[in-house]
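Here are the chains, one letter per residue:
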Amino acid sequence: MNPDAINIAIFAKAPIAGTAKTRLIPALGAAGAARLHRQLVRHALRTAQAATLGPVSLWCAPDTTHRFFRALAATAGIPLHVQCGEHLGARMHHTLSALTATAPTLLIGTDCPMLDPATLQACAMALRNGEDAVFLPAEDGGYALVGLRRPQPGLFRDIDWGSDAVMEQTRDRLRDCGLRWVEPATVWDVDRPQDLARLQRSALLTSR
């Protein structure tokens, strides 16, 4: 592997109507929310590959068997893995522990279409320059990206996942662990009906 390589892991749920993007169902319907989720996953994958930082992998929930995931593996040549853990923090720790054994790693979700290759490259550079961690906070109080140089088991403990306090609580954990980190940008994601108009104005998603 290139000694400067950075892994990129993408977390994605299967695009099952009724379970994907549930907070958008009132605006789009179950099938429409699932269709949008498929678009967001494809967009995240294209962005990660276009950054040309290193290996890209897709971490799937609840498993890798959905035909959408299998199609991505076949057409994009991306390896599939199962997310493992009882809650989001445990799943992120599992993935980051596995991948940072080989190289610093960026972990992203699929809800932030404004992520672009240049932003990923800037986050990777922070890790190459010696930062322990890098985060992209989201406007809703969470974050769209976490990058680590090595596993940090204390970082994801006792976080109120899904709340607007996630990033602030994570900063507390970072301080508790004595870690150096940077936050290169604040981003917005697509999670609520009011986000849809912004997404449409942005024209970030294509029909590809």
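A brief look at the structure comes next. The structure displayed is predicted, hence computed values, not measured ones.

Thresholds applied
- Residues numbered from 1 in each chain as written.
- Predicted model: local features only at pLDDT ≥ 70, side-chain atom pairs only at ≥ 80, totals over all residues.
- Heavy atoms only, no water.
- Salt bridge = Lys/Arg side-chain N within 4 Å of Asp/Glu carboxyl O.
- Helix = DSSP H or I, 4+ residues; strand = E, 2+ residues; numbered from the N terminus.
- Buried < 20%, exposed > 50% of the residue type's maximum accessible area, 1.4 Å probe, protein only.
- Core = buried A, V, L, I, M, F, W, Y, C linked by side-chain atoms within 4.5 Å.
- Contact = heavy atoms within 4.5 Å.
- Disulfide = S-S within 2.5 Å.
- Pairing = 2+ DSSP bridges.

Within this structure, the stated rule accounts for 10 salt bridges. One salt bridge connects Arg171 with Glu183, and the closest N-O pair in it is separated by 2.8 Å. Of this pair, Arg171 sits in helix α5 (residues 166-176) while Glu183 sits in the loop between β7 (181-182) and α6 (195-202); the two residues are 12 residues apart in sequence, bridging distant segments of the chain. The buried category is assigned to Arg171, whose relative accessible area is 18%. Shared partners join several salt bridges into a network, and the residues in it are Lys21, Arg23, Asp111 and Asp191.

This next bit is on the nonpolar core. One finds Ile10, Leu53, Leu58, Phe69, Leu106, Leu120 and Leu145 to be the most contacted residues of the largest nonpolar core, which totals 34 residues. Those elements giving two or more residues to this core turn out to be β1 (7-13), α1 (25-50), β2 (56-61), α2 (67-76), β4 (105-108), α4 (117-128), β5 (133-137) and β6 (143-148). Broken down by element, the residue count for this core peaks at 5 residues, all from α4. In this structure, Leu120 is in contact with Ile8, Thr47, Ala48, Ala51, Leu53, Leu106, Ile108 and Leu145, ignoring residues within four places of it in sequence. One finds Met92, Leu107, Tyr143 and Leu148 within the second-largest nonpolar core, a separate group that totals 19 residues.

Considering all chains together, one arrives at 0 disulfides under this definition. In this structure Cys60 is a free cysteine whose sulfur lies 11 Å from that of Cys84, the closest cysteine sulfur available. Classification of Cys60 by relative accessible area gives buried; the value is 0%. With no disulfide of its own, Cys123 has Cys112 as its nearest cysteine by sulfur position, at a separation of 10 Å. Residue class for Cys123 comes out buried when judged on its relative accessible area of 0%.

Attention now moves to the sheet that holds β6. An order of β3-β2-β1-β4-β6-β5-β7 is seen for the 7 strands of this open sheet, with the pairing classed as mixed. Edge strands, defined here as strands with exactly one partner in the open sheet, are β3 (80-82) and β7. Sheet topology note: the β1/β4 ladder contains 4 bridges and is parallel. The residue bridging Asn7 from the neighbouring strand is Thr105, located in β4.

Note on backbone geometry: most residues besides glycine have negative phi, and most peptide bonds are trans. The omega angle of the peptide bond from Ala61 to Pro62 is 0°, so this bond is cis rather than trans. The residue Pro62 is located in the loop between β2 and α2 in this model. Unusually for a residue other than glycine, Thr52 sits at a positive phi of about 50°. As for its position among the elements, Thr52 is in the loop between α1 and β2. Unlike most non-glycine residues, Asp158 shows phi in positive territory, near 55°.

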